[in-house]
Amino acid sequence: MKKYSKLIIAAIVALIFIGTFVFLWQKSQPKETVYSEFTPKLDTLQHTTIITGKIEPRNEVNVKPQISGIITEILKEPGQYVQAGEVIAKVKVIPDMGSLSSAESRVRLASINLKQAEVDFEREKNLYEQKLVSADEYDKVRQQLNQAKEELRGAVDALEVVRDGVSRSNASASSTLIRSTISGIILDIPVKVGNSVILSNTFNDGTTIASVANMNDLIFRGNIDETEVGQLVTGMPMKITIGALQNVSFSASLEYVSPKAVESNGANQFEIKAAVSTLADNKIRSGYSANAEIVLARAQNVLTIPESAIEFSGDSTFVYLVKGDGSKKTYERKPVVTGLSDGVNIEIKKGLTVKDRVRGPEIIAEEKED
């Protein structure tokens, strides 16, 4: 019994040894290289580029106060539509003490001059009625009285403007009422009730009360690399996609390419602007990030093959034509003239026909098993 057991064990060891030997021998044998093959076909190629940018109104206006003071009331909110001239906020004037003192002094002086003019007029009037002075002299004194009255009215108006921001004579055009200068959507109101605001002057841009824009006139603003800017032409169509709107797309038309580059991350970029065709429901908001797809070049009904089948050697390009079948298959290296590429397929201008077979990349072992 022990004898048979030893024979069985010996046979198993021999089989393992032989199997291992055969496996290693098969592994050591050179494997046949198998390549994919392509047939040239007529197709339309286009070279596109994606430009990252944002959507913004063509004209965004910052509404600023005409006087300095404190915000007492805000009548509108961001997102509301306003007509040109509509009141957005009210300002209470905090007068400058020097200007106030000067305006009060002007009123007092105008009052004194008016009283003196009235006395002179009464005296001249009595003399004129007694025919002791000429009509010409009487008219001059009456004119001086009218001038004194007008000067007092002007001084009072100036005092009211300095003190209150508005005078009784121009209450309808009060500078304490901050009005929108254009019709559009209020994008932002950066101030609150109680905030101090100042008017624009030589030394200060002034406080922005509100930003207003016409959201029916939008543009796409982005930057394109210097290697592609030379292919742009004003009027080229673009496809705009906004990710925040679940990939909503709409068209645009290129209308501006900057003549000057701006360096960004070590590369020269040129600013572009495109007029956006807005959606019917106008869901677009100012500042949305967007991608613009623009076709830089197109070739229609041209002979194409996958770009992976091309061999690049210096300034020359080659393909390998498949000759024969099965074990007699050979490959002939042939120069070709290429054209437009879309990154996957490439145009063949010269060197191939639709009847040729072209060798592609090598098929690796995993692909063969699949």
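Quick caveat, the model's predicted, so the values are computed rather than measured.

Visitor: Sorry if this is basic, but what is going on with the pairing of strand 11 (residues 218-225) here?
Guide: The two faces of a sheet get side chains in turn, since along a regular strand they alternate between them. Two strands pair when backbone bridges link them, and strand 2 (residues 41-57) and strand 11 are joined in this way by five bridges, in the antiparallel orientation. Considered in strand 11, the bridge of I55 is made with F220. In this sheet, strand 14 (residues 267-276) lies alongside strand 11 in antiparallel orientation, the contact comprising seven bridges. Considered in strand 14, the bridge of R221 is made with K273.

Visitor: Where do I start with the nonpolar core in this structure?
Guide: One broad trend across soluble globular proteins is that nonpolar side chains are buried collectively. Counting residues in each nonpolar core, the largest one holds 27 residues, and the members touching the most others are I55, F220, L232 and M238. Of all the secondary structure elements, the ones that give two or more residues to this core are strand 2, strand 11, strand 12 (237-242), strand 13 (248-264), strand 14 and strand 15 (289-306). Not counting residues up to four positions away in its chain, the partners in contact with I55 are L218, I219, F220, I240, I242, V276, I284, R285, S286, G287, Y288 and A290. Counting residues in each nonpolar core, the second largest holds 16 residues, with I71, A89, V91 and V93 among its members.

Visitor: Please clarify how the environment of I209 should be interpreted in this entry.
Guide: Secondary-structure assignment places I209 in the loop between strand 9 (196-197) and strand 10 (210-213). Overall, the relative accessible area of 0% leaves I209 in the buried class. Separated by twelve residues in the primary sequence, I209 and V197 have C-alpha atoms spaced 8.2 Å apart. Beyond its immediate stretch of four places on either side in the chain, I209 contacts V63, K64, P65, I71, A89, I178, D188, I189, P190, V191 and V197.

Visitor: In this structure, what is going on with the side chain of S180? I would like to understand it.
Guide: With respect to the element layout, S180 can be found in the loop between strand 7 (177-179) and strand 8 (184-188). Within polar-contact distance, the side chain of S180 engages the backbone oxygen of I182 at 2.5 Å. In this structure, S180 is in contact with V63, V82, Q83, A84, G85, E86, I88 and V212, ignoring residues within four places of it in sequence.

Visitor: What exactly am I supposed to notice about the layout of surface pockets here?
Guide: Taken as a whole, the largest pocket encloses approximately 260 Å³ of empty space. In terms of lining, the largest pocket is formed by 13 residues, of which the most central are I185, M215, I284, R285 and S286. Split by residue class, the lining of the largest pocket holds eight nonpolar, three polar and two charged.

Visitor: What is the right way to look at the sheet that holds strand 3 (residues 60-63) in this model?
Guide: Where strands meet in a sheet, backbone hydrogen bonds hold them as pairs that are either parallel or antiparallel. Strand order in this open sheet of four strands is 3-10-8-5, and the pairing throughout is antiparallel. The sheet terminates laterally at strand 3 and strand 5 (81-82), the two strands that pair on one side only. Here three bridges tie strand 8 to strand 10, and the two strands are oriented antiparallel to one another. The partner of D188 across the bridge, within strand 10, is S211.

Visitor: Quick question: what am I supposed to make of the packing of aromatic side chains here?
Guide: Where two aromatic rings form a pair, the distance of their centres and the angle of their planes describe that pair. In total, this model carries one aromatic pair according to the counting rule given. Above the face of the Y256 ring, K273 is positioned so that its terminal group lies 5.1 Å from the ring centre. In this structure, R359 packs its charged tip against the face of Y331, placed 5.1 Å from the ring centre.

Visitor: It is not clear to me how the pattern of salt bridges should be interpreted in this structure. Could you clarify?
Guide: Here the idea is simple: oppositely charged side chains can pair when their charged atoms come close. With the rule as written, the count across this model stands at 17 salt bridges. A salt bridge links D136 to K140; the nearest nitrogen and oxygen atoms lie 3.7 Å apart. Placement of the pair is D136 and K140 together in helix 3 (residues 135-164), with a separation of four residues, close to one helical turn. Since its relative accessible area comes to 49%, D136 is described here as partly exposed. Linking D325 and R357 is a salt bridge whose minimum nitrogen-to-oxygen distance equals 3.3 Å.

Visitor: How should the sheet that holds strand 7 be read in this particular structure?
Guide: In spatial order, the strands read 7-6-4-9; together these four strands make up an open sheet with antiparallel pairing. Strands at the two margins of the open sheet, each flanked by one partner only, are strand 7 and strand 9. One ladder, built from two bridges, connects strand 4 (residues 69-74) with strand 9; its direction is antiparallel. Across the sheet, residue G69 finds its bridge partner in strand 9, namely V197.

Calculation rules
Residues numbered from 1 in each chain as written. Predicted model: local features only at pLDDT ≥ 70, side-chain atom pairs only at ≥ 80, totals over all residues. Heavy atoms only, no water. Pairing = 2+ DSSP bridges. Helix = DSSP H or I, 4+ residues; strand = E, 2+ residues; numbered from the N terminus. Core = buried A, V, L, I, M, F, W, Y, C linked by side-chain atoms within 4.5 Å. Buried < 20%, exposed > 50% of the residue type's maximum accessible area, 1.4 Å probe, protein only. Contact = heavy atoms within 4.5 Å. Polar contact = N/O pair within 3.5 Å; in protein donor to acceptor, adjacent residues only side chain to side chain. 1 Å grid on protein atoms, 1.4 Å probe; cavity = no way out; pocket = protein on both sides within 12 Å on 5 of 7 lines; lining within 4 Å. Points joined across faces, edges and corners; volume = space filled by probe spheres on them. Nonpolar A, V, L, I, M, F, W, Y, C, P; charged D, E, K, R; others polar. Phe/Tyr/Trp six-rings, centres within 6.5 Å; stacked < 30°, edge-to-face > 60°. Lys NZ or Arg CZ within 6 Å of the ring centre and 35° of its normal. Salt bridge = Lys/Arg side-chain N within 4 Å of Asp/Glu carboxyl O.

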